[in-house]
Amino acid sequence: MENVLRPLVVVGGSVVLTLLLGWVTDLLLRKADARHGETPLWELLRRGRIPYQLVLCAALLRGSYDQAKLLEDHRVGVGRALTLVLIGAAAWLIVRIAAAVVETSYSRFARAHRDAARVRRVRTQVTLITRVVAAVVGVVASAAMLLTFPAMRAAGASLLASAGILGIVAGVAAQSTLSNLFAGLQIAFGDMVRIGDTVVVDGEWGTVEEITLTFLAVRTWDERRITMPVSYFTSKPFENWSRGGAQMTGIVYFQVDHSAPMEAMREKLRDILRACPEWDGRHHGLDVTDATPNSMEVRALVTAKDSDDIWRVRVTVREQMLRWLTEEHPYALPRVNTADAVLPPHWVGRTSSPVGGRTPGDGRPDGHERQSPTGSGSDSGEDAAAHRVHDRPPTG
């Protein structure tokens, strides 16, 4: 009977005590969260109740397992398994606590500062710090788990002796991984790019959505995700539209006819921008920047507070200006010139082309053929002969 009750009391007591302590701790955290609602620390700490209970249960079972006298033939294996669970649960709990503390610090900073650029920078640093802490804790926990095996402890001396060679080999083999790791740290603390920044990489415009120690995710305007190694941002140039202020200047080009009413277009641009809520009112302008034989290029400059608003301002100006030109000034739109050519002044009155051919209208600007005195529409025989003599090139 004792052989049955002892394991039941030890194991059952450990489980009951674990559940009781977990419930009491969670109750205290709920009360603290209700009392201090301005900080998310207590609510974040409640997320660690599962690893907390695992730590309690594994510690209680590991300490009282020898008294249970259960599975004595496998006592060493069960004890090592409980030790591994304890180490893993403790690492999990440490990561949760560290994440809660870091997230709380970031929340306080975000509430105290209104500068969006600084808040995004701190957010990037907080994210990477959390990942670094998780990686370090994971490595230490894995090493501690391996050291619980006697064979690994015996091989420790030889591993330390060859650590230099292994380090060189590992460094060469993981060169790209290590470069991405250090690039991630450089991005986090060098303020090169932050979560929420608007960037242009490889011709793609998007917003930085996630930064890890090895890769960076950019969400494009059409909801695609571009995943790139973080080393790209430390080795190649890229556009960061959010660095140094989010204000932007946009350009809208129009191809119009030479007769386009420029002053009226400037007035219309001013009216469009005044009715556009995305325009920040800093600057606007409309100028002719180029001209071709058939049209001229007009450039409109507009401003907005960020990249999203500048896009809306540009499309609004383009749509409304083209509609206004179509309805009010259709002659100002580009067109193909099909009018008759106007001859140079020194051609007027001549009857021969440079190659001896006859020009249209016999060289007359009104384009009509020369009429005979009789009105027959052709020259008389004498006139024709005279023309032939007259048109004959000099013999010199």
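The structure this text deals with has already been given above.
Residues numbered from 1 in each chain as written. Predicted model: local features only at pLDDT ≥ 70, side-chain atom pairs only at ≥ 80, totals over all residues. Heavy atoms only, no water.

A. View of the overall build of the protein. If you tally the helices and strands in the protein, you get 13 helices and eight strands. Evaluated residue by residue, the protein yields a buried proportion of 30% over its 396 residues. Of the contacts formed within the protein by residues at least 6 apart in sequence, a portion of 61% connects residues at least 24 apart. A total accessible area of about 24,600 Å² is found for the protein, and carbon and sulfur atoms account for 60% of it. (Helix = DSSP H or I, 4+ residues; strand = E, 2+ residues; numbered from the N terminus. Buried < 20%, exposed > 50% of the residue type's maximum accessible area, 1.4 Å probe, protein only. Contact = heavy atoms within 4.5 Å. Areas by Shrake-Rupley, 256 points an atom, 1.4 Å probe, with all protein chains shown as cover.)

B. Summary view of the environment of proline 330. Structurally, the position occupied by proline 330 is in the loop between α12 (307–328) and α13 (381–391). Here proline 330 falls in the partly exposed class, since its relative accessible area comes to 48%. C-alpha separation for the pair proline 330 and alanine 260, spaced 70 residues apart in sequence, amounts to 9.1 Å.

C. Focus on the nonpolar core. Formed by 24 residues in total, the largest nonpolar core has its most connected members in Phe254, Val256, Met265, Leu269, Leu286, Val317 and Met321. Put simply, the parts of the chain that give this core at least two residues each are β6 (248–256), α11 (262–274), β8 (296–304) and α12. Looking at this core element by element, the count peaks at six residues for α12. Apart from the residues lying within four places of it in its own chain, the contact partners of leucine 269 are His284, Gly285, Leu286, Ala300, Val302, Val317 and Met321. Within the second largest apolar cluster, 16 residues are counted, among which are Val193, Val199, Ile226 and Val230. (Core = buried A, V, L, I, M, F, W, Y, C linked by side-chain atoms within 4.5 Å.)

D. Structural detail: the pattern of salt bridges. Throughout the structure, instances matching the rule amount to 13 salt bridges. Here glutamate 209 makes a salt bridge to arginine 225, at a shortest N to O gap of 2.9 Å. Of this pair, glutamate 209 sits in strand β2 (residues 204–211) while arginine 225 sits in strand β4 (residues 225–229), placing them 16 residues apart in sequence. One salt bridge connects aspartate 309 with lysine 305, and the closest N-O pair in it is separated by 3.3 Å. When its relative accessible area of 48% is taken as the criterion, lysine 305 is described as partly exposed. When salt bridges that share partners are traced, they join Glu209, Arg219, Glu223 and Arg225 into one network. (Salt bridge = Lys/Arg side-chain N within 4 Å of Asp/Glu carboxyl O.)

The values are spatial; any link to function lies outside them.
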